[in-house]
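# Architecture and fold: a report
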Amino acid sequence: MADSFAQKVREELLHVTRMAPHCRKAQQSARRLFSRESNERFEPKKDCCIRAFIRGAFIEAGTISDPARSYHFEITCPDEYAAVDLLAMLEKCGLEPKEMLRKNNIVVYIKEGRQIKDLLTLMGAPISMMAFENERILREVRGGVNRRVNCETGNIGKTVAAGVKQIRAIRSLQENGTFDGLSDALQDVAYARLENPEASMEEIGQLVIPPVSKSCVNHRMRKILELAGVR
Ligand SMILES: [Zn+2]
């Protein structure tokens, strides 16, 4: 079965055309190497070129699973030298890649959601990254809800939707750098929410120190959503 998410990522990466000549050279070298057109090694020096190299390798020999089903990112390497180089580059980007042998090919892979998200960003696929991240948040929240569905009835759908929206707002504030400037009161409820995606507003109120009322949590969450421009 064709993996449509992988195709979308590849499409998006193929549209990354604005890049410096040094990065272009790195990407082209990776594409020749990972498509087995050439076995010439290439060692990118700059971080930008390392990212371009990983992008080229993925375009030719990579795949990624649909985040609704599982988290799996991999690149099939043409030989062990390429695998050693690729592992080192991914590690230099702060990731923890692993390797395995499949039909005499070395496959470099990552199975951790957070790291795959970072990879999508650094390869230059922000649209796929957002799709991946939305799916990941939904999965986290659903997992939480499923664990407690037996002891709770009522507005689960609403609670989940609100939690997803709030987490999205908090993450966007973290990503654009404004989160650290928020008051402690706002940061406290934000952290309580990130750690408890499925909790009701009342429960969030009980998780902060000192505990606050549901309407107080409501007020703070509205402020967070407003700052993040999430409606
Ligand atoms: Zn470069």
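Cut-offs used in this document
- Residues numbered from 1 in each chain as written.
- Predicted model: local features only at pLDDT ≥ 70, side-chain atom pairs only at ≥ 80, totals over all residues.
- Helix = DSSP H or I, 4+ residues; strand = E, 2+ residues; numbered from the N terminus.
- Buried ≥ 20, exposed ≤ 12 C-beta atoms within 10 Å, placed from the backbone.
- Contact = placed C-beta atoms within 7 Å.
- Pairing = 2+ DSSP bridges.
- Axes fitted to C-alpha atoms, helices over the stretch in contact; angles between N-to-C directions.
- Parallel < 35°, antiparallel > 145°, perpendicular 65-115°, else oblique.
- Left-handed = near helix turned anticlockwise from the far one by under 90°.
- Domains from an automatic or database assignment.

Okay, the overall build of the chain next. Tallying secondary structure elements over the chain gives 10 helices and four strands in all. Each helix and strand of the chain, ordered N terminal to C terminal, gives the series α-α-α-β-β-α-β-β-α-α-α-α-α-α. Projected onto the principal axes, the alpha-carbon positions of the chain cover approximately 65 × 40 × 25 Å. Considering the chain as a whole, with its 231 residues, one finds that 30% of them fall into the buried category. Counting contacts in the chain only where the partners sit at least 6 residues apart, residues at least 24 apart contribute 62% of the total.

Within strand β2 (residues 73-77), four of the five residues are buried, leaving the element largely enclosed by the surrounding structure. The pairing of strand β1 (residues 62-64) with β2 spans three bridges and is antiparallel. From the neighbouring strand, threonine 63 faces β2, where its bridge partner is glutamate 74. Relative to strand β4 (residues 105-110), β2 runs antiparallel, the two sharing five bridges. Bridging from a neighbouring strand, cysteine 77 pairs with isoleucine 106 of β4.

Across residues other than glycine, the phi torsion is negative in most instances, and most of the peptide bonds are trans. Isoleucine 209 connects to proline 210 through a cis peptide bond whose omega is -10°. The topology assignment puts proline 210 in the loop between α9 (201-207) and α10 (214-228). The backbone of arginine 36 shows a phi angle near 65°, a positive value even though the residue is not glycine. When the 12 C-beta atoms within 10 Å are taken as the criterion, arginine 36 is described as exposed.

Here four strands make up an open sheet; going across it, the order is β1-β2-β4-β3 and the pairing antiparallel. A strand with exactly one partner marks an edge of an open sheet, and here the two such strands are β1 and β3 (98-102). Sheet twist, expressed as the mean angle between neighbouring strand axes with direction ignored, is 25°. Those strands touched by helix α5 (residues 113-123) are β1, β2 and β4, and its axis lies near 100° from that of β4.

As a further point, take the packing of helix α2 (residues 21-34) against helix α3 (residues 47-61). The geometry of α2 relative to α3 is characterised by a closest axis approach of 7 Å and an angle of 30° between their N-to-C directions. In terms of axis orientation, α2 runs roughly parallel to α3. The two elements α2 and α3 cross, and the hand of that crossing is right-handed. Contact residues: His22, Cys23, Ala26, Gln27, Gln28, Ser29, Ala30, Arg31 and Phe34 in α2; Cys48, Cys49, Ala52, Phe53, Arg55, Gly56, Ala57, Ile59, Glu60 and Ala61 in α3.

To continue, consider the domain arrangement of the chain. For the chain, the assigned domains are domain 1 (4-123) and domain 2 (152-228). Here domain 1 and domain 2 have C-alpha centroids that lie 36 Å from each other.

Now for the pairing of β3. Across the five residues that make up β3, only a small minority, zero, are buried. Direction of pairing for β3 relative to β4: antiparallel, over a ladder of five bridges. Bridge pairing links leucine 101 to isoleucine 106 in β4. Connecting β3 to the antiparallel partner β4 that follows it, the hairpin turn spans two residues, and lysine 103 within it adopts a positive phi of roughly 45°.

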